[in-house]
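# Chain and residue survey
Next come the chains, spelled out residue by residue.
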Amino acid sequence: NVYFGKKIKTIQPILITGAKAWHLGNKFKNQFKSSFEEQIRKYKRKNQEILISFGEIDCRSDEGIINFSNKNRKNYFVVCEKTIIDYINYMEKNLKKYFEKRYYLGIPAPFPITNENDELHSKRKKLIKFFNQNLKKETKERGAYFIDVYSLTVDENGENNKLYMC
C-alpha cells in the first residue's frame, strides 16, 4: 500500500524480466511486448491508475543505448530520444484506453561502478539525465504524469545521493 495524495492505494506489481523501453518501442513483435500485452489484458481496470517503470536497463553502460550506439556508431542522445518516443507511443496506445491516469517513473541517478572508466561513467550520467528529461517531456505532451525519481536521487555530481534508489 502507498499513499497517493491523501488516499491509500494498493499496488499490484507486474514484472517483465529483462524488458527494456527499447523492446516495447521496437516496431517488431517480441516476447516482451507479448508479455506486457498479456499482463495489461489480465489487470486492466477502466479509470484506474497505473505506475510504469522502464528505462533503467536501457541506460546501463554495458547494454542498452550506450552499447548499441557504440556498436553502430550512432549518437547516444539521438538513439535515446528515438527510444523514448517509440516507447511512449507504444505504451500510450496500449494503456490510455484502460487507465485514466498513467504515471511514468523516471530512473534514479547512477551509482558509480568500480570497473567503469571515467569516460563511460560520464556518458552514463549524461544519458540518465537526458533520458529523464525526455521521458518527462514526452509523457506530459501525451497527458500522462511523470514521477521524477532522478531529482530525489541525484547529488551535485550527477551521481546517486545514496539516500534513495527509487
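Residues numbered from 1 in each chain as written. Predicted model: local features only at pLDDT ≥ 70, side-chain atom pairs only at ≥ 80, totals over all residues. Heavy atoms only, no water.

Let us now look at the packing of aromatic side chains. Inspection of the entire model under this criterion finds six aromatic pairs. Ring geometry for Tyr 87 against Tyr 104: centres 6.2 Å apart, planes inclined by 85°, an arrangement best described as edge-to-face. Of this pair, Tyr 87 sits in helix α4 (residues 76–95) while Tyr 104 sits in strand β4 (residues 101–105), placing them 17 residues apart in sequence. In this structure Tyr 87 comes out as buried when scored by relative accessible area, which is 1%. Each residue in the set Phe 54, Tyr 87 and Tyr 104 is aromatic and connected to the rest through ring pairs, giving one cluster. (Phe/Tyr/Trp six-rings, centres within 6.5 Å; stacked < 30°, edge-to-face > 60°. Helix = DSSP H or I, 4+ residues; strand = E, 2+ residues; numbered from the N terminus. Buried < 20%, exposed > 50% of the residue type's maximum accessible area, 1.4 Å probe, protein only.)

A word on the confidence of the model for the protein chain. For the protein chain, mean pLDDT is 92; residues scoring 70 or higher make up 98% of the total. Within the protein chain, no element has a lower average pLDDT than strand β1 (residues 2–4), which sits at 80, and none a higher one than α4, at 97. (pLDDT = per-residue confidence, 0-100.)

The next point concerns the environment of Phe 68. Locating Phe 68 in the fold gives a position in helix α3 (residues 65–72). For the pair Phe 68 and Asp 58, spaced 10 residues apart in sequence, the C-alpha to C-alpha distance is 9.7 Å. Apart from residues lying up to four places away in sequence, Phe 68 is in contact with Lys 74 and Val 79. (Contact = heavy atoms within 4.5 Å.)

The next point concerns the side chain of Glu 37. Summarising the element assignment, Glu 37 is placed in helix α2 (residues 31–43). Contacts of Glu 37, omitting those with residues within four sequence positions, involve Lys 29, Tyr 90 and Asn 94.

Every α-helical turn comprises 3.6 residues, leaving residues that sit three or four positions apart pointing alike. The end-to-end C-alpha distance of α2 is 18 Å, a good match for the 18 Å that 13 residues give at a rise of 1.5 Å each. Along α2, the residues classified as buried are Phe 32, Lys 33, Phe 36, Glu 37, Gln 39 and Ile 40. Relative to the axis of α2, the buried residues are bounded by an arc of 160° and lie together on one face. Buried residues along α2 sit in contact with α1 (21–25), β3 (49–52) and α4. (Expected span 1.5 Å × (residues − 1). Arc of directions from axis to C-beta.)

This part is about the packing of α3 against α4. Between α3 and α4, whose axes approach to 9 Å, the crossing angle comes to 125°. Classed by the angle they form, the pair α3 and α4 counts as oblique. Read as a crossing pair, α3 and α4 show a hand that is right-handed. Taking contact as the criterion, the partners of Ile 65, Phe 68 and Ser 69 in α3 are, on α4, Tyr 76, Val 79, Cys 80 and Thr 83. Broken down by class, the residue content of the contact of α3 with α4 amounts to five nonpolar, two polar and no charged. (Axes fitted to C-alpha atoms, helices over the stretch in contact; angles between N-to-C directions. Parallel < 35°, antiparallel > 145°, perpendicular 65-115°, else oblique. Left-handed = near helix turned anticlockwise from the far one by under 90°. Nonpolar A, V, L, I, M, F, W, Y, C, P; charged D, E, K, R; others polar.)

Right, let's talk about the layout of surface pockets for a bit. In this structure, the largest pocket occupies an estimated 1,400 Å³ of space. As for the largest pocket, its lining consists of 39 residues, and the residues nearest its centre are Ile 11, Pro 13, Leu 51, Ile 52 and Ser 53. At the level of secondary structure, the elements contributing two or more residues to the lining of the largest pocket comprise α2, β3 and α6 (149–153). Class assignment of the residues belonging to the lining of the largest pocket gives a composition of 25 nonpolar, 10 polar and four charged. (1 Å grid on protein atoms, 1.4 Å probe; cavity = no way out; pocket = protein on both sides within 12 Å on 5 of 7 lines; lining within 4 Å. Points joined across faces, edges and corners; volume = space filled by probe spheres on them.)

Of the two faces of β3, only the one carrying Ile 50 and Ile 52 is buried; Glu 49 and Leu 51 on the other face are not. In terms of strand pairing, β3 meets β4 through four bridges, oriented parallel. What sits directly across from Ile 52, in β4, is Tyr 104. (Pairing = 2+ DSSP bridges.)

This next bit is on the nonpolar core. Inside soluble globular proteins, nonpolar side chains tend to come together where they are buried. Judged by nonpolar contacts, the single largest core of 34 residues is most densely connected at Phe 54, Tyr 87, Met 91 and Leu 95. When residues of this core are traced back to their parent elements, those giving at least two are α1, α2, β3, α3, α4 and α5 (118–141). At nine residues, α4 tops the list of elements feeding residues into this core. Every residue in contact with Phe 54, bar those within four places of it in the chain, is listed here: Ile 16, Ala 19, Lys 20, Ala 21, Leu 24, Tyr 87, Met 91, Leu 105, Ile 107 and Phe 131. (Core = buried A, V, L, I, M, F, W, Y, C linked by side-chain atoms within 4.5 Å.)

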